[in-house]
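Here is what each chain is made of, one letter per residue.
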Amino acid sequence: MAITRKKFLKLGLVAGGAGLALSSGASASLPGGMGNATTGKLLRSAARLPKPFRVSLPMPPVLEPVRSDDDADHSDADHYEITQKVGKAEILPGLQTEVWGYEGCFPGPTIESRSGRATIVHNINELPVPVSTHLHGGRTPASSDGFPTDLILPRHQSSEEHSPHAHHGNPDRPLDNKAGWSFHQGSKDYLYPLEQRAATLWYHDHRMDFTGPQVYRGLAGFHIIRDEEENALPLPKDEKDVPLMICDRSFGEDGSFIYPARDPSLQRKPGVKEHYMEGVLGDAILVNGVPWPFMEVSNTRYRFRILNASNARRYRLALEPESSDGAPFVQVGSDGGLLGAPITHRTITIAPAERFDVVIDFSRYPVGTKVTLKNRLGDGTTSRVMRFHVVRKEKEESTVPKRLSDMSAFEALGKSGPRLTRKFSFTRAAPNGQVVWAINGKVFDPSRINARPKLGSTEIWEFSTDVHHPVHLHLVHFKVLSRNGRRPLPKDAGWKDTVDVLPGQVVRVICRFDGYRGKYVFHCHNLEHEDMMMMANFEVV
Ligand code: C2O
Ligand code: CU
């Protein structure tokens, strides 16, 4: 049954409690209604932004394991070490930007793993703040999932010195309540069994209340899983398999990242200044850490693993000029890996944390063409992302096969028996007179369990919204069933871990809770919303 938007907004008001003023910030003036915009407020750079398409696209370095165990038994694992520390980068020409990065880099180094082979990452925290590292898209035991209050303290801070701050708007969290928190002194090992198919994952900070500013300063990197099924396909490979981390940032006059934190030291008071509570939008678009780069390509196919690592910004990616067939993007994969068959898109709308794995065929363009990757949801500096220069001819060695992957498990989802449906409304709320973001009217409490799905069970989860909320579940991948009672969008295809729920929408997803028992979060991946409490727990029992 379709729920009309008007009716839903009424429901939303009841569920959300307070303040449902809808505004969509910087992009509100764009035509086409709210589904075509971004929820957030633009923060303007004080620095002069460079001309676009002057620097070439960098590739994040691939991290080498410090050790690989190659016993014949099941304890096979690759061991990595990552130090989270302050680094410097020249992002704007002639200026130095302080980054907080994995190995001091932004983006962090790429980890490449084989499906089914364990990866163990020893994380060392040399930053001045606590951190928690989450592998987004990973099927990970709860103890290694980067739970927001499972913190690695700075090397020289003890747990007594660290007091979990009370969050504004949460009367249930007094300053001295450490229930549900755990602390590691200086370092922690994260164990990733990676019993999952090939996919483009990413790792990023997940510290309670401070994920937004800590990711913004640079704590994000790719983690790519490969498997036999995918390796056997004739898709573009090696230097034609290109990860693209897209995010927006704003810069102070001295080149520093600027962010409207209530407490810029990120020690005590969480959240952003009230004006930015819908989300922080930067005016510079970075790809792999540099503003509006260019990339030289031959007139052949390339595979791009596109990740939107922005705190709040949505993009609608398009190529200009468009290729002769009018279908420039051939999508081969989504959040959870390969699709069953490729899908062509004219544009790709990507919300925070979503991944689109696409092939672009540059043989559609004469050598010498400059092809711009545009953002149709942006304006001015945010209307473009990067540019491809088709500079040479080359023999084509790849194809996109008509069948990509066995999706029988995906197709079987939802085919048998009655199942539990749970409903979650993602709206503003004011539990303590202070406006924050909530799920079913409640703000995040690390020790409250909102749902207890049984291990191996299949459930339908229904998400409803006031404004845009990209909803993300840890541990599991799901299939989008419907939007407002209608068919899902072409962009919803394949295994997803994040769904771009539009304003006033009801989205149903179906999912099997398997892998591990334990407590995991689900939340809005607009990082300002997440930090301002739009998060909840489920426990697989
Ligand atoms: Cu990408 Cu809970 O996070
Ligand atoms: Cu949200």
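Up top is the structure.
Now for a look at the structure at hand. (Residues numbered from 1 in each chain as written. Chains lettered and ligands numbered in written order. Predicted model: local features only at pLDDT ≥ 70, side-chain atom pairs only at ≥ 80, totals over all residues. Heavy atoms only, no water.)

Each helix and strand in the protein was counted, giving five helices and 34 strands. Residue burial in the protein is summarised as follows: out of 541 residues, 62% are buried. Across the protein, contacts joining residues at least 24 apart in sequence account for 78% of those joining residues at least 6 apart. Carbon and sulfur atoms form 51% of the exposed surface of the protein, whose accessible area is close to 20,200 Å². (Helix = DSSP H or I, 4+ residues; strand = E, 2+ residues; numbered from the N terminus. Buried < 20%, exposed > 50% of the residue type's maximum accessible area, 1.4 Å probe, protein only. Contact = heavy atoms within 4.5 Å. Areas by Shrake-Rupley, 256 points an atom, 1.4 Å probe, with all protein chains shown as cover.)

Here the focus is the sheet that holds strand β33 (residues 518-524). Read from one edge to the other, the open sheet built from four strands follows the order β31-β29-β33-β34, with strand pairing classed as antiparallel. Each edge of the sheet is formed by a strand with only one pairing partner; in this case those strands are β31 (498-501) and β34 (535-540). Direction aside, neighbouring strands of the sheet carry axes that sit 20° apart on average. Here six bridges tie β33 to β34, and the two strands are oriented antiparallel to one another. For K519, the partnering residue across the bridge sits in β34 and is E539. (Pairing = 2+ DSSP bridges. Axes fitted to C-alpha atoms, helices over the stretch in contact; angles between N-to-C directions.)

It is worth spelling out the nonpolar core at this point. General note: in soluble globular proteins, nonpolar side chains tend to be found buried as a group. F304, L317, F388, W461 and F463 are the most contacted members of the largest nonpolar core, which totals 109 residues. Excluding residues within four positions of it along the chain, L317 makes contact with I246, I306, F329, R346, T347, I348, I350, L373, K374 and V385. Within the second largest apolar cluster, twelve residues are counted, among which are L151, W181, V443 and M535. (Core = buried A, V, L, I, M, F, W, Y, C linked by side-chain atoms within 4.5 Å.)

Right, let's talk about the packing of aromatic side chains for a bit. Following the criterion strictly, the structure yields 25 aromatic pairs and no others. Their ring planes at 10° and their centres at 6.4 Å tell us that Y190 and Y192 sit as a pair that is stacked. The exposure class assigned to Y190 is buried, which follows from its relative accessible area of 0%. Here Y192 falls in the buried class, since its relative accessible area comes to 3%. Seen in terms of ring centroids, W461 and F513 are 5.4 Å apart; in terms of plane orientation they differ by 35°. Their pairing is tilted. Note that W461 is positioned in strand β28 (residues 458-465) and F513 in the loop between β32 (506-512) and β33, a separation of 52 residues in sequence. Judged by its relative accessible area of 1%, W461 falls in the buried class. (Phe/Tyr/Trp six-rings, centres within 6.5 Å; stacked < 30°, edge-to-face > 60°.)

Turning our attention to the environment of K423. Positionally, K423 belongs in strand β26 (residues 421-429). As a C-alpha pair, K423 and S464 span 41 residues in sequence and 7.9 Å in three-dimensional space. Apart from residues no more than four positions distant in its own chain, K423 is found in contact with N440 and E462.

We now examine the pattern of salt bridges. Going through the model one piece at a time under the given rule, you end up with 33 salt bridges. A salt bridge links R422 to E459; the shortest N-O distance between them is 2.6 Å. Separated by 37 residues along the polypeptide, R422 in strand β26 and E459 in strand β28 bring together distant segments of the chain. Taken as a pair, R422 and E459 share a single burial class, namely buried. Taken together, the shared-partner salt bridges in this structure form one network comprising R314, D335, E354, R355, K491, K496, D497 and D500. (Salt bridge = Lys/Arg side-chain N within 4 Å of Asp/Glu carboxyl O.)

Right, let's get into the coordination of the copper ion (ligand 2). In this structure, H469 (ND1), C524 (SG) and H529 (ND1) serve as the protein donors to the copper ion (ligand 2), at separations of 2.0 Å. Sequence positions of the donors to the copper ion (ligand 2) reduce to the motif H-x54-C-x4-H. Taken as a pair, H469 in strand β29 (residues 469-473) and C524 in strand β33 lie far apart in primary sequence, 55 residues in all. Classification of H469 as buried rests on a relative accessible area of 0%. (Donors = N, O, S within 2.8 Å, 3.2 Å for Na, K, Ca; no water.)

Here the focus is the sheet that holds strand β5 (residues 108-114). Pairing is mixed in the open sheet, where four strands are placed in the order β5-β12-β11-β7. Of all the strands in the sheet, just β5 and β7 (133-136) have a single pairing partner and so form its edges. Ignoring which end each strand starts from, the neighbouring axes of this sheet average 20° apart. Summarising the sheet, β5 and strand β12 (residues 220-226) pair through five bridges and their orientation is parallel. By the bridge assignment for β12, I111 is matched with H223.

In this section: unusual backbone geometry. The peptide bond linking F106 to P107 adopts the cis configuration, its omega dihedral lying at -10°. Assignment of secondary structure puts P107 in the loop between β4 (97-102) and β5. Each neighbour pair has its own omega, and for E320 with P321 the value is 0°, a cis peptide bond. Structurally, P321 is set in the loop between β19 (315-320) and β20 (329-334).

So, about the side chain of S405. Mapped onto the elements, S405 comes out in the loop between β25 (384-392) and α4 (408-412). Judged by relative accessible area, S405 falls into the buried class, the value being 3%. Those residues in contact with S405 that sit more than four places away from it in its chain are R197, E229, L338, L339 and G340.

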